[in-house]
Amino acid sequence: MLVLARKVDEAIVIGDNIVVKVIAVENGVVKLGIDAPKEVSILRDELAREVALSNKAALHKSDENELKSLGELLGK
């Protein structure tokens, strides 16, 4: 992990087309502005984790349903 110190209005550049700028620091909360192409997905970490867990749960449920249906087709 790269750790950088930035002040308000300072930024970092990721690749050729993503800029992360410190907008404000208030009451221990850092506000960031992210400028990236529309095709780049940007999610808060906790939301990304929740989506990943939901996807895994949906996949697991699909597998169970598919196995049950297959079993019914095979007469078991």
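A brief look at the structure comes next. Since this is a predicted model, take the numbers as computed values, not measurements.

Ordered in space as 1-2-3, the 3 strands form an open sheet in which the pairing is antiparallel. The two strands at the open ends of the sheet, each matched to only one other strand, are strand 1 (11-14) and strand 3 (29-35). The sheet shows a mean angle of 25° between the axes of neighbouring strands, taken without regard to direction. Both strand 2 (residues 18-26) and strand 3 contribute to a ladder of 7 bridges, which runs antiparallel. By the bridge assignment, Val22 is partnered in strand 3 with Leu32.

This part covers the environment of Val8. With respect to the helices, strands and loops of the structure, Val8 is situated in the segment before strand 1. A residue is classified by how much of its surface remains accessible, and Val8, at 43% relative accessible area, is partly exposed. With 60 residues separating them in the primary sequence, Val8 and Lys68 have C-alpha atoms 57 Å apart. Once you skip the residues sitting within four places of it in the chain, Val8 turns out to touch Val22, Ile23, Ala24 and Val25.

What follows deals with a nonpolar patch on the surface. A contiguous nonpolar patch, built from Val8, Val25, Val30, Leu32, Ile34, Val40 and Ile42 and spanning about 580 Å² of accessible area, is present on the exposed surface. No other element matches strand 3, which puts 3 residues into the nonpolar patch. Residue placement: Leu32 occurs in strand 3.

A separate point is unusual backbone geometry. Excluding glycine, a negative phi dihedral is what most residues carry, and trans is how most peptide bonds are arranged. One non-glycine residue, Asp9, lies in positive phi territory at about 75°. Within the fold, Asp9 resides in the segment before strand 1. The residue Asn27 is not glycine, and still its phi comes out positive at about 50°. Note on placement: Asn27 falls in the loop between strand 2 and strand 3.

Cut-off values and rules
- Residues numbered from 1 in each chain as written.
- Predicted model: local features only at pLDDT ≥ 70, side-chain atom pairs only at ≥ 80, totals over all residues.
- Heavy atoms only, no water.
- Pairing = 2+ DSSP bridges.
- Helix = DSSP H or I, 4+ residues; strand = E, 2+ residues; numbered from the N terminus.
- Axes fitted to C-alpha atoms, helices over the stretch in contact; angles between N-to-C directions.
- Buried < 20%, exposed > 50% of the residue type's maximum accessible area, 1.4 Å probe, protein only.
- Contact = heavy atoms within 4.5 Å.
- Patch = residues over 30% accessible without salt bridge, like charges linked within 9 Å, V, L, I, M, F, W, Y side chains within 5 Å.
- Areas by Shrake-Rupley, 256 points an atom, 1.4 Å probe, with all protein chains shown as cover.
- Salt bridge = Lys/Arg side-chain N within 4 Å of Asp/Glu carboxyl O.

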